[in-house]
Amino acid sequence: MELLIQNQTEEPVEIPGQLTFVPETAPSVKRSKFDAEIHSEAALSDPSRIRILICDVLAKFDGRLPESWLYEIFVGAGHVSYFLYEDALGWLLDNGSAVTETDAAGETQCFLTDRGRQTVRRLRQYVPKLFRDQVMLTALRYTDRQKALRDLRIAYEDEANGCRLCLTCSDNGREMFYLRIGTPDRASAELLGERILRNPTGFFGKVIDLAVRNEEEQFDLTDN
């Protein structure tokens, strides 16, 4: 299947015989809980909070993630520095809150132990919600993308007058869907590919649904 797309002052009071100085006073500000969480973000370089967050992310995904995925979620996305991440994960491994194993494909998997799960249940509120939400959103988006790439292969074919985006959707190794979309240039093709990767299941589902529900155009023969 092929598609083509174009392009607020206080006044001093004088006392006879004296010099008076009235200092400026700033109005008191009552910080909301939300403000307090934002200002506490600077303290999130605390390794203990990063340890809790790592356990929290692992717990979200049934206590298991490839270590490379965990690294990208925390370091690759810019939430935590490389050294803080390595220190936090190393502590969890030495502490027995997490373990790593190499699977049959040679990829290192990180597992959360019962001790790690207890850490999440007791201490996750110690990390401000703002930061928890930021990291968890990154984790959800990243894992969805990686899972999609297991069944969806994207390639780009440069041409003299544009670029074609090639999508191959597979199920257990068997090709189920192949689509080529013509675009004006490679940048447009890559942008389109990124948007499809946001929700590939929804994209292909809509294409299939459209094909199934597609009806013949009705012609008006009144004036025939």
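This one's a predicted model, so the numbers in the text were calculated from it and none came from an experiment. (Residues numbered from 1 in each chain as written. Predicted model: local features only at pLDDT ≥ 70, side-chain atom pairs only at ≥ 80, totals over all residues. Heavy atoms only, no water.)

### Focus: the sheet that holds strand S2 (residues 64-66)
Where we set the bar: At least two bridges found by DSSP between two strands is the condition for calling them paired. Helix and strand assignments follow DSSP, with helices taken as H or I runs no shorter than four residues and strands as E runs no shorter than two, numbered in order from the N terminus. Geometry is summarised by axes, namely lines fitted to C-alpha atoms with helices restricted to the contacting stretch, and by angles between N-to-C directions that run from 0 to 180 degrees.
Taking strand neighbours across the sheet as the criterion, the three strands line up as S2-S4-S3 in an open arrangement whose pairing is antiparallel. Of all the strands in the sheet, just S2 and strand S3 (98-102) have a single pairing partner and so form its edges. Adjacent strand axes in the sheet meet at a mean angle of 25°, parallel and antiparallel pairs treated alike. The pairing of S3 with strand S4 (residues 108-112) spans five bridges and is antiparallel. Paired with Thr100 across the bridge in S4 is Cys110.

### Details of helix H7 (residues 186-198)
Convention followed: By this rule, a helix spans an expected 1.5 Å times one less than how many residues it contains. Residue contacts are defined here by distance: any two heavy atoms, one from each residue, within 4.5 Å place the two residues in contact. Polar contacts, as counted here, are pairs of nitrogen or oxygen atoms within 3.5 Å of one another; within protein the pair requires one atom able to donate a hydrogen and one able to accept it, and residues that are adjacent in sequence qualify only if both atoms are side-chain atoms.
Counted at 1.5 Å a residue, the expected span for H7 with its 13 residues is 18 Å, and the 19 Å between its end C-alpha atoms agrees. Buried-residue contacts for H7 involve helix H6 (129-151), strand S5 (152-159), strand S6 (162-171), strand S7 (174-183) and helix H8 (200-213). You can read the cap of H7 off the contacts: a side-chain oxygen lies 3.3 Å from the backbone nitrogen of Ala187, and it is on Asp185.

### What about the pairing of S4?
Direction of pairing for S2 relative to S4: antiparallel, over a ladder of three bridges. Within the sheet, the bridge partner assigned to Arg64 lies in S4 and is Phe111. Counting the residues between successive antiparallel strands, the hairpin from S3 to S4 contains five residues, one of them, Gly106, with a positive phi of roughly 85°.

### Remarks on the confidence of the model for the chain
The condition is simple: Values of pLDDT, which run from 0 to 100, indicate the predictor's confidence residue by residue.
Looking at the chain as a whole, the pLDDT averages 80, with 79% of positions reaching at least 70. Per-residue pLDDT stays below 50 along residues 13-43; that stretch engages in 17 contacts with residues further than four places along the chain or on separate chains.

### Remarks on the pattern of salt bridges
Note the following rule: Definition used for salt bridges: Asp or Glu carboxyl oxygen within 4 Å of a side-chain nitrogen of Lys or Arg. Classification of residues uses two cut-offs on accessible area relative to the type maximum, computed with a 1.4 Å probe and protein chains only: under 20% is buried, over 50% is exposed, and between them is partly exposed.
For the coordinates displayed, the defined rule picks out eight salt bridges. Between Arg186 and Asp158 there is a salt bridge; the shortest N-O distance is 3.0 Å. Residue Arg186 is located in helix H7, and its partner Asp158 is located in strand S5; the two are separated by 28 residues in the primary sequence. Overall, Asp158 belongs to the exposed group, its relative accessible area being 54%. Each of Asp158, Arg186 and Glu190 takes part in salt bridges that share partners, so that together they form one network.

### A word on the environment of Arg198
The residue Arg198 is located in helix H7 in this model. A C-alpha to C-alpha distance of 6.9 Å links Arg198 and Arg145, two positions 53 residues apart in sequence.

### Brief notes about the packing of helix H3 (residues 67-76) against helix H4 (residues 82-95)
Applicable threshold: Orientation labels follow simple angle bins: below 35 degrees gives roughly parallel, above 145 gives roughly antiparallel, 65 to 115 gives roughly perpendicular, and whatever is left gives oblique. Should the near helix be turned counterclockwise from the far one by less than a right angle, the crossing is left-handed, whereas a clockwise turn marks it as right-handed. Ten residues, namely Ala, Val, Leu, Ile, Met, Phe, Trp, Tyr, Cys and Pro, are considered nonpolar, four, namely Asp, Glu, Lys and Arg, are considered charged, and the remaining ones, Gly among them, are considered polar.
Two elements in contact, H3 and H4, have axes separated by 10 Å at closest approach and are oriented at 135°. With respect to each other, H3 and H4 are oriented oblique. As H3 packs across H4, the resulting crossing turns out to be right-handed. Touching Glu67, Leu70, Tyr71, Phe74 and Val75 of H3 are Tyr82, Tyr85 and Leu89, all from H4. Partitioned by chemical class, the residues of the contact of H3 with H4 number seven nonpolar, no polar and one charged.

### Quick notes on the environment of Glu107
One can find Glu107 in the loop between S3 and S4. Residue Glu107 is classed as partly exposed on the basis of its relative accessible area of 28%. Taking the C-alpha atoms as reference, Glu107 lies 8.4 Å from Ser68; in sequence the two are 39 residues apart. Contacts of Glu107, omitting those with residues within four sequence positions, involve Pro66, Ser68, Trp69, Glu101 and Thr102.

### Details of the state of the cysteines
Selection rule: The criterion for a disulfide is a pair of cysteine sulfur atoms lying within 2.5 Å.
Considering all chains together, one arrives at zero disulfides under this definition. Free of any disulfide, Cys55 has its nearest cysteine sulfur in Cys110, 8.6 Å distant. Unpaired in terms of disulfides, Cys163 finds its nearest cysteine sulfur in Cys166, a separation of 7.9 Å. Here Cys163 falls in the buried class, since its relative accessible area comes to 1%.

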